[in-house]
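# Coordinate analysis (summary)
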Amino acid sequence: MCGISGFFYRDASRPIETHVLESMTQKMFHRGPDDAGFYHSQGGALGHRRLTIIDLFGGKQPMSSSDGKSVLVTNGEIYNYKELKKEYLSHIDFNSSSDTEVLLYMLKLKNNEAITLLNGMFAFAFWDLENNKVIFARDPAGQKPLFYYFGDKSFVFASELSSLTVHPETPIDIDRESLARYLIFEGYPHPSSPLRGVKKLPPGYFMELDLTNWEIHECRYWDCIPGNPEGNGVSANDYLGEFSEIFSNAVERHLRSDVEVGVFLSAGLDSPSLVKAASAIRGGGEVKTFTIKHEIASFDESAYAASVARYFGTKHHEKTLRAEEFLDDAKYLLSNIDEPIADPGFLAIYQVSKFSREHVKVILSGNGGDEFFAGYTPFHA
């Protein structure tokens, strides 16, 4: 998962409170229990908590370029890092095999124009010390979070509100207008957050913090970065014909890891589609699948999931969700989420995540794919 944090001061001569940086970063220990890193220079500081997935011994963050003029912290994964490395960065002498180092030098080479070339789920902060600016960006679907506060004297950012509010200049007053939106929409629409003055960078956006003029510029990157490909009259049938290949390639990239990867498996068509693609790539016997069995029959999809697992020959794991476990974990979860969540499904997702963590470190999930695949009866309508 990983977590990023940091802050910048308008007055570059202001001392950096390293204990604040360390506290902000430590607050996200659960996002990255494997490692922590810190960087500070005149006017700013970056922190990182790491969950090691690619290049277990390299890829430590914050990561600096060889000339010391650029520093990066990132949360997530760049799935096409091997292709980018081969096409654009063959001249670079890399110190690791991580996707982080590829992202660092892509941004150094192409600035914000590198963002449209990325295939991944990410939120990052790229500090260009030479030009005195910081580039922030978030993936198109918004899978990785990025909160920030921009004030007269300071700019603070983090992957979680709990980390952001450790900094003494982050406001902690409840935003009542945003709360009203939550009560209507059952979520906080971007850029709203529960705190007044704190914003979320929207999905598919990048933002530049100009440290010289103390200004921020925010833009949806496929609208304002030159050279982004546009539609070329391709028909819907053409897109449908290409889907299978695109989907298979996406799964293959998501399986790139130096640790074991598994798949959540339920009913519908989303997760079985992932299992089918993963089995074709690695062989069913190399795929681990995980299902939660419910005590209440109307919620139980385990029999269907087991039949899919048998068909593809996966190493299937199943656990029954007990009411007492569900309730025991509710208090812990509610104390560790930054925003209210109206959908109680996250409680069940936590159970299968905790269960699968006993066997693997990375999971592919069909979560969010129900509407797209129309795997359940309501979506047929």
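Residues numbered from 1 in each chain as written. Predicted model: local features only at pLDDT ≥ 70, side-chain atom pairs only at ≥ 80, totals over all residues. Heavy atoms only, no water.

For the rest of this paragraph, the subject is the overall build of the protein. Within the protein, the secondary structure is distributed over 13 helices and 16 strands. Going through the 381 residues of the protein one by one, you find that 46% of them count as buried. Taking the intrachain contacts of the protein between residues at least 6 apart in sequence as the baseline, contacts between residues at least 24 apart amount to 64%. Counting only carbon and sulfur atoms, one obtains 51% of the accessible surface of the protein, whose full area is about 19,100 Å². (Helix = DSSP H or I, 4+ residues; strand = E, 2+ residues; numbered from the N terminus. Buried < 20%, exposed > 50% of the residue type's maximum accessible area, 1.4 Å probe, protein only. Contact = heavy atoms within 4.5 Å. Areas by Shrake-Rupley, 256 points an atom, 1.4 Å probe, with all protein chains shown as cover.)

A word on the packing of aromatic side chains. Evaluation of the coordinates by the stated rule reveals 16 aromatic pairs. When the ring of F94 is compared with that of Y105, the centres are 5.8 Å apart and the planes differ by 75°; the resulting orientation is edge-to-face. Of this pair, F94 sits in the loop between helix 2 (81-88) and helix 3 (99-110) while Y105 sits in helix 3; the two residues are eleven residues apart in sequence, bridging distant segments of the chain. Taking relative accessible area as the criterion, F94 reaches 15% and is therefore assigned buried. A centroid spacing of 5.4 Å and a plane angle of 35° characterise the contact between F150 and W214, whose relative ring orientation is tilted. Here W214 lies in the loop between strand 11 (205-210) and strand 12 (215-220) and F150 lies in strand 8 (residues 147-150), a separation of 64 residues in the sequence. (Phe/Tyr/Trp six-rings, centres within 6.5 Å; stacked < 30°, edge-to-face > 60°.)

All right, on to a nonpolar patch on the surface then. On the surface, a cluster of nonpolar side chains totalling about 290 Å² of accessible area is made up of I174, L179 and L183. Assignment of secondary structure puts L179 in helix 5 (residues 176-185). (Patch = residues over 30% accessible without salt bridge, like charges linked within 9 Å, V, L, I, M, F, W, Y side chains within 5 Å. Salt bridge = Lys/Arg side-chain N within 4 Å of Asp/Glu carboxyl O.)

Turning next to the pattern of salt bridges. One pass over the structure, following the stated rule, counts 18 salt bridges. For the salt bridge of E83 with R253, the shortest nitrogen-to-oxygen distance reads 3.9 Å. One end of the pair, E83, is in helix 2; the other, R253, is in helix 7 (residues 236-254), with 170 residues separating them in the sequence. With a closest N to O distance of 3.1 Å, R322 and E295 form a salt bridge. With a gap of 27 residues between them, R322 in the loop between strand 15 (315-321) and helix 10 (323-334) and E295 in the loop between strand 14 (288-294) and helix 9 (302-312) connect regions that are remote in the sequence. Overall, E295 belongs to the partly exposed group, its relative accessible area being 48%.

Across the sheet, which stays open at both edges, the six strands sit in the order 4-5-6-7-11-12 with antiparallel pairing between neighbours. The open sheet has two edge strands with one neighbour each: strand 4 (63-64) and strand 12. Sheet strands in contact with helix 3 are strand 4, strand 5 (70-78) and strand 6 (120-128), and its direction is about 125° off that of strand 5. (Pairing = 2+ DSSP bridges. Axes fitted to C-alpha atoms, helices over the stretch in contact; angles between N-to-C directions.)

The next subject is the pairing of strand 5. Counting buried positions over the nine residues of strand 5 gives eight, a clear majority of the element. Counting the residues between successive antiparallel strands, the hairpin from strand 4 to strand 5 contains five residues, one of them, G68, with a positive phi of roughly 75°. As defined by bridge partners, strand 5 adjoins strand 6 across nine bridges and the pair is classed as antiparallel. The residue bridging V73 from the neighbouring strand is A125, located in strand 6.

Compared with the 16 Å implied by 1.5 Å per residue over twelve residues, the 17 Å span of helix 10 between its first and last C-alpha is a close match. Of the positions making up helix 10, those classed as buried are D329, A330 and L333. Buried residues of helix 10, seen end-on, are gathered within an arc of 135° and therefore sit on one face of the element. The exposed residues of helix 10 that point more than 90 degrees off its buried face are E324, L327, D328 and K331. On the buried face of helix 10, the contacting elements are helix 11 (345-356). (Expected span 1.5 Å × (residues − 1). Arc of directions from axis to C-beta.)

What follows concerns the pairing of strand 1 (residues 3-9). For strand 1, the buried fraction is high: seven of the seven residues fall into the buried class. Burial along strand 1 is two-sided: the residues G3, S5, F7 and Y9 and I4, G6 and F8 are all buried. Two strands pair when backbone bridges link them, and strand 1 and strand 3 (residues 44-50) are joined in this way by six bridges, in the antiparallel orientation. Residue pairing for strand 3: I4 is matched across the bridge by H48. The pairing of strand 1 with strand 9 (residues 154-158) spans five bridges and is classified as antiparallel. Bridged to S5 within strand 9 is A158.

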